[in-house]
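Spelled out, the chains give:
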Amino acid sequence: MNQQIVLVTGASSGFGALAARALADAGHTVYASMRDTAGRNAVQVEAARAYAREHRVDLRALELDIASQASADAAIAHVVAAHGCLDVLIHNAGHMAFGPAEAFMPEQYAQLYDTNVVGSQRVNRAALPQLRAQGRGLLLWVSSSSVRGGTPPYLAPYFAAKAAMDSLAVSYAGELARWGIETSIVMPGAFTSGTHHFLNSGTPADSARNADYEAGVAAGFGEEILGKLAGTVPEDADVASVAEAIVEIVASPYGRRPFRVHVDPAGDGCDVVSAVGDRIRAEFLRRVGLGDLLGVRLPSNTQPQRDRG
């Protein structure tokens with residue numbers, strides 16, 4: 001496997017931290033980016049350094065606050081200055097929220113969109129000039145099976161933001177194909193253990209509206225949802241499987257990486273809906289004469305790419 005320069009956003013914990021370590025184990029130079037490396041995440045920075053020393057891999061913590069364009073610009077500039085390139089950008093940063101949709105303030109929705117959607121746009125604006133100049137690269141988006149699968153209530157702000165991010169990824173795929181930049185989208189299912197997603201999820205700011213739900217016919221509904229959702233996840237479900245899928249995508253030959261990969265032990269049906277949606281997208285692009293956007297153009301000395309529609 002060729003060593004690649006990889007940047008992972010939101011890599012202080014969860015899928016991001018697992019993916020960063022797994023990619024480093026696979027022989028890549030990996031930047032595990034996170035915000036506030038000198039403060040709240042200083043312990044995670046040291047954990048990454050300790051992992052790199054113990055396993056003798058090239059894993060580096062990097063300051064990157066996706067809420068700041070200046071921070072994104074500085075992080076990408078740092079990587080390019082050190083290596084002259086950036087091969088893989090993994091959009092993983094995100095935040096979950098749990099509670100009745102009505103009880104979240106509009107500002108909370110905006111904040112979740114900023115974290116899960118607008119943040120990736122800031123990082124893209126920092127990184128894509130370099131990837132386009134290279135004429136190749138990979139954007140790998142960590143989406144969610146909630147975008148297209150069966151979804152429980154009380155996760156509306158998060159699900160809506162993830163759906164928006166997924167749509168952004170699909171649009172970028174077509175716009176970047178002729179620049180030689182590939183797109184892959186990973187669709188993790190509901191892993192209710194092994195990460196802190198649910199533990200650290202946001203809660204509604206409107207406590208009075210939230211209390212209305214708790215006092216009415218929806219009393220105890222949140223606990224019921226979490227319990228039943230956890231019951232759909234097999235006991236042997238391992239969050240590391242998401243990191244393994246990411247490693248496999250990065251290791252796949254350029255021009256032949258899968259467009260969408262599902263890692264859903266609960267089987268919420270997202271793969272079924274995605275197959276239909278992605279097929280319709282591919283058929284439409286072919287019908288209007290833009291079928292070449294379904295994959296990057298390979299150099300003349302390589303074999304023709306598989307159609308990833």
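Residues numbered from 1 in each chain as written. Predicted model: local features only at pLDDT ≥ 70, side-chain atom pairs only at ≥ 80, totals over all residues. Heavy atoms only, no water.

Asker: Help me understand a nonpolar patch on the surface, please; the structure alone is not making it clear to me.
Answerer: A contiguous nonpolar patch, built from F284, V288 and L290 and spanning about 240 Å² of accessible area, is present on the exposed surface. Take V288: its relative accessible area is 40%, and that puts it in the partly exposed class. (Patch = residues over 30% accessible without salt bridge, like charges linked within 9 Å, V, L, I, M, F, W, Y side chains within 5 Å. Areas by Shrake-Rupley, 256 points an atom, 1.4 Å probe, with all protein chains shown as cover. Salt bridge = Lys/Arg side-chain N within 4 Å of Asp/Glu carboxyl O. Buried < 20%, exposed > 50% of the residue type's maximum accessible area, 1.4 Å probe, protein only.)

Asker: Help me understand helix α3 (residues 69-83) in this model?
Answerer: Think of an α-helix as 3.6 residues a turn; residues three or four steps apart then line up on the same face. The terminal C-alpha atoms of α3, which comprises 15 residues, lie 21 Å apart, in line with the 21 Å expected from a rise of 1.5 Å per residue. Buried within α3 we find S71, A72, A75, I76, V79 and V80. In a view along the axis of α3, the buried residues occupy a sector of 165°, so they form one face of it. Facing away from the buried side of α3 by more than 90 degrees, the exposed set consists of A70 and A81. Where α3 is buried, its residues touch β1 (5-8), β2 (29-34), β3 (59-63) and α4 (106-134). Here α3 starts with a cap whose side-chain oxygen sits 3.4 Å from the backbone nitrogen of A70, and that cap is S68. (Helix = DSSP H or I, 4+ residues; strand = E, 2+ residues; numbered from the N terminus. Expected span 1.5 Å × (residues − 1). Arc of directions from axis to C-beta. Contact = heavy atoms within 4.5 Å. Polar contact = N/O pair within 3.5 Å; in protein donor to acceptor, adjacent residues only side chain to side chain.)

Asker: I would appreciate a short explanation of the environment of A245 in the present structure.
Answerer: With respect to the helices and strands, A245 occurs in helix α8 (residues 240-251). Sequence separation of A245 and V186 is 59 residues, and the distance between their C-alpha atoms is 7.8 Å.

Asker: Explain the confidence of the model for the chain to me, please; I cannot follow it from the model alone.
Answerer: Caution applies to low-pLDDT regions: their predicted coordinates should not be interpreted in detail. Looking at the chain, the pLDDT average stands at 92 and 93% of residues meet or exceed 70. Predicted confidence for residues 301-309 stays below pLDDT 50, and this span has 23 contacts to residues more than four positions away or in other chains. (pLDDT = per-residue confidence, 0-100.)

Asker: I would appreciate a short explanation of the sheet that holds β2 in the present structure.
Answerer: Where strands meet in a sheet, backbone hydrogen bonds hold them as pairs that are either parallel or antiparallel. Taken together, seven strands build an open sheet; the order of strands is β3-β2-β1-β4-β5-β6-β7 and the sheet is parallel. On the outer flanks of this sheet lie β3 and β7 (260-263), each paired with one strand and no other. On average, adjacent strands in this sheet sit at an angle of 20° to one another, irrespective of strand direction. Where β2 and β3 come together, five bridges link them in parallel fashion. Paired with Y31 across the bridge in β3 is R60. Its contacts with the sheet place α3 against β1, β2 and β3, and it is angled at close to 145° to β3. Across the sheet, α4 lies against β4 (88-91), β5 (137-142) and β6 (181-188), angled at about 165° from β5, the strand it touches most. (Pairing = 2+ DSSP bridges. Axes fitted to C-alpha atoms, helices over the stretch in contact; angles between N-to-C directions.)

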